[in-house]
Amino acid sequence: MINPINNPNFRMVSHQGFSVTDQWLGNSRVSSYIGSAEQGFKWAETDIKFTADNVPVCCHDLEFTDSHDGKTRIVIGEHTLAELKTYGYYGEVIATFDEVVYTCKTHGLGLYIDHLDPWDDERWST
């Protein structure tokens with residue numbers, strides 16, 4: 001039987017990073033990618049959504065609930081990055097793609113981008 005952990009032909013990828021808090025949701029945070037490296041992963045996955053000012057941020061869904069009040073639904077594409085950074089994203093702030101790339105590079109993680117949006121969206125070309 002093949003053991004995928006020790007087999008170089010397999011890549012163990014942490015889905016949206018590895019949550020280091022007691023929250024089982026809300027990965028794709030900077031701490032989640034640091035947690036992936038600390039748990040021994042060599043690869044992590046992220047999803048990308050675009051803000052109203054076309055900044056790529058890491059989030060699986062098109063919206064999230066502000067963790068400051070636990071009620072307000074925030075639609076990513078309707079807010080600028082500056083506005084999004086004022087809301088709580090699972091106890092942190094939403095991470096830009098650049099922040100996640102930097103975190104992964106500094107912690108020795110490869111990054112897999114899970115593409116969920118249509119390829120014909122012109123923002124993907126940049």
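Below or above, wherever it landed, is the structure these notes cover. (Residues numbered from 1 in each chain as written. Predicted model: local features only at pLDDT ≥ 70, side-chain atom pairs only at ≥ 80, totals over all residues. Heavy atoms only, no water.)

### Remarks on the environment of Gly 35
Argument step 1. Tracing the chain through its elements places Gly 35 in helix α1 (residues 30-38).
Argument step 2. The spacing of Gly 35 and Ser 14 is 21 residues in sequence and 9.5 Å in space, taken between C-alpha atoms. (Helix = DSSP H or I, 4+ residues; strand = E, 2+ residues; numbered from the N terminus.)

### Digging into α1
Residues spaced three or four apart along an α-helix face the same direction, because each turn holds 3.6 residues.
Argument step 1. Considered for burial, the residues of α1 that qualify are Ser 31, Ser 32, Tyr 33, Gly 35 and Ser 36.
Argument step 2. If you follow the buried residues of α1, they end up packed against β1 (13-14), β2 (43-50), α3 (97-106) and β6 (110-114).
Argument step 3. Directly after α1, the chain includes Gly 40, whose backbone phi takes a positive value near 95°. (Buried < 20%, exposed > 50% of the residue type's maximum accessible area, 1.4 Å probe, protein only. Contact = heavy atoms within 4.5 Å.)

### Description of the pattern of salt bridges
Argument step 1. All chains considered together, the criterion is met by three salt bridges.
Argument step 2. Across the pair Glu 92 and Arg 29 runs a salt bridge, and its minimum N-O distance is 4.0 Å. Here Glu 92 is found in the loop between α2 (81-84) and α3, whereas its partner Arg 29 is found in the loop between β1 and α1, with 63 residues between them in sequence.
Argument step 3. Assessed through its relative accessible area of 24%, Glu 92 is described here as partly exposed.
Argument step 4. You can call Arg 29 buried: its relative accessible area is 0%.
Argument step 5. Across the pair Glu 63 and Arg 73 runs a salt bridge, and its minimum N-O distance is 2.8 Å. Here Glu 63, found in strand β4 (residues 63-65), pairs with Arg 73, found in strand β5 (residues 73-75); they are ten residues apart in sequence, far enough to count as distant.
Argument step 6. Classification of Glu 63 by relative accessible area gives partly exposed; the value is 31%. (Salt bridge = Lys/Arg side-chain N within 4 Å of Asp/Glu carboxyl O.)

### What about the side chain of Thr 103?
Argument step 1. With respect to the element layout, Thr 103 can be found in helix α3.
Argument step 2. Sequence-distant contacts of Thr 103, defined by excluding residues within four places in its chain, comprise Val 30, Tyr 33 and Ile 34.

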